[in-house]
Amino acid sequence: MKLTDEAIDELLKSMELEEPSMSFTRNVMEQAKLEMPPVTLRTKVDKRIIYSIAAVFLCAITTTVGYLFTNSHLEYSISNAQLNFSFAMEKSTYSLLLKALLFADLIIALFYFDKFLRRNLNSYR
Amino acid sequence: MSYMQQQTDEDLIAEVLAGNTAVYSELVKRHQRFVFTLAIRFAKNREDAEEIAQDCFIKAYRGLATYKQSSKFSTWLYTITYTTAMSFLRKKRMNTQSIDDEENTLQLENHVSDFNANLVEQKSAHVYLNMAIDMLAPEDAVIITLFYKGEQSLDEIGMALSMTSNTVKVKLHRARLKLKEKLQLLLKDEVKELI
């Protein structure tokens, strides 16, 4: 007589779990009381802080773009359409600040792109 | 149903981390049977299994803040159970080999004769099954238990046992074949009644 795979599957599904002693939970909790209470390592970041930082960056970008446009000589003629942004970046007192800002933006963008890719790759695995 | 029983594992963990440590007892109650069953698959006796299971829950309590909710709490807990039980086995230098070798076959024969003595009282399919599972290597027994009773997917079992899901799949298949073999050895003439 041979056992069928289905019979074994059914038997395994109906298998009962073992029961520990009645005092199991109490013993664990008594031991747990002797331990340091676990505390969350991740500090909760207030969303207002995140929004404030985002607002500062947005403001900085808008100001820089605004400054760029107000200091450019925009020329336009119908016969020969020409846009001339003759803004001299190197002469600007803001050039270093602008570069730093753009660099920070680039780092943040790369960081979030990396996080996005990791999350998507993990969900595919 | 009490308030605590309605909460998810994650809610209870948040409460424990917020300082309400008494809530941890509910998490213990929910998972103790399964953790204990896994522990018994390794230890093969209730006393050691209880020690392993308690140790697991204390380790989980200590590390609760490090639990990232990217997987189920049960999967995380079973990972702790597996590593704790493995180190327990290493400490005790238990024989973790399967019963394929000669020595173990002798053990099996003894097992069967012991079993036959109680056959009339313990004539239940689950008794046969538990005996057959006990004869498997601890890892095989754990994979079978996690798959059939732990509501764990192959991926989750792989996560708990630090294996790929394909390895788990292969091991599960082999474990099932071995179990069938052991059951047939144990049951012999009783198979008809079982099915």
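The structure presented is a predicted model; accordingly, all values stated were derived computationally and were not measured.

Along chain A, the regular secondary structure elements total four helices and zero strands. Helices and strands in chain A line up, N terminus first, as α-α-α-α. Here chain A holds 125 residues, and 15% of them are scored as buried. Surface summary for chain A: the accessible area is close to 10700 Å², and the carbon and sulfur share equals 65%.

Between chain A and chain B, the residue contacts involve 33 residues of the former and 47 residues of the latter. Applying the counting rule to chain A against chain B returns four salt bridges. Note that R62(B) and E35(A) form a salt bridge whose closest N and O atoms lie 2.8 Å from each other. Here chain A and chain B share ten residue pairs in polar contact (both at pLDDT 80 or more) between them. Counting residues per element, the ones that place at least two in the side of chain A that touches chain B are α1 (5-13) and α2 (24-33) of chain A. The residue makeup of the side of chain A that touches chain B, split by class, is 18 nonpolar, six polar and nine charged.

It is worth spelling out helix α8 (residues 138-149) of chain B at this point. Counting along an α-helix, one turn takes 3.6 residues, and residues three or four places apart therefore face a common direction. With twelve residues, α8(B) ought to run about 16 Å at 1.5 Å a step, and its terminal C-alpha atoms sit 16 Å apart, in line with that. Taken residue by residue, α8(B) has P138(B), D140(B), A141(B), V142(B), I143(B), I144(B), T145(B), L146(B) and Y148(B) as its buried positions. Tucked into the core, α8(B) has its buried residues touching α1 of chain A together with α3 (24-43), α5 (73-92), α7 (125-135), α9 (154-161) and α10 (165-187) of chain B. Positive backbone phi, approximately 50 degrees, marks E151(B), located one or two places after α8(B).

Turning our eyes to something else, we now look at the nonpolar core. Ranked by size, the top nonpolar core spans 68 residues in total, and within it L12(A), Y24(B), L161(B), L179(B) and L183(B) carry the most contacts. Leaving out residues up to four positions away in the same chain, Y24(B) has contacts with V28(A), M29(A), V16(B), F57(B), A60(B), Y61(B) and L64(B).

The UniProt record marks residues 49-69 and 94-113 of chain A with the feature "transmembrane region" (unreviewed entry), using the residue numbering of this structure. Taken end to end, residues 49-69 of chain A comprises 100% helix and 0% strand; its first and last C-alpha atoms sit 30 Å apart.

This brings us to the pattern of salt bridges. Residues and elements named next belong to chain A. All told, the structure shown has twelve salt bridges over all chains when counted by the stated rule. Put simply, E30 and R26 hold a salt bridge, and the shortest N to O gap is 4.0 Å. Here R26 and E30 lie together in helix α2, a separation of four residues that amounts to about one turn. A relative accessible area of 53% places R26 in the exposed class.

Looking at chain A as a whole, the pLDDT averages 79, with 73% of positions reaching at least 70. When pLDDT is averaged over each element of chain A, α2(A) comes out on top at 91 and α1(A) at the bottom at 81.

Conventions adopted
- Residues numbered from 1 in each chain as written.
- Chains lettered and ligands numbered in written order.
- Predicted model: local features only at pLDDT ≥ 70, side-chain atom pairs only at ≥ 80, totals over all residues.
- Heavy atoms only, no water.
- Helix = DSSP H or I, 4+ residues; strand = E, 2+ residues; numbered from the N terminus.
- Buried < 20%, exposed > 50% of the residue type's maximum accessible area, 1.4 Å probe, protein only.
- Areas by Shrake-Rupley, 256 points an atom, 1.4 Å probe, with all protein chains shown as cover.
- Contact = heavy atoms within 4.5 Å.
- Salt bridge = Lys/Arg side-chain N within 4 Å of Asp/Glu carboxyl O.
- Polar contact = N/O pair within 3.5 Å; in protein donor to acceptor, adjacent residues only side chain to side chain.
- Nonpolar A, V, L, I, M, F, W, Y, C, P; charged D, E, K, R; others polar.
- Expected span 1.5 Å × (residues − 1).
- Core = buried A, V, L, I, M, F, W, Y, C linked by side-chain atoms within 4.5 Å.
- UniProt positions renumbered as here; feature names shortened; annotations may be inferred.
- pLDDT = per-residue confidence, 0-100.

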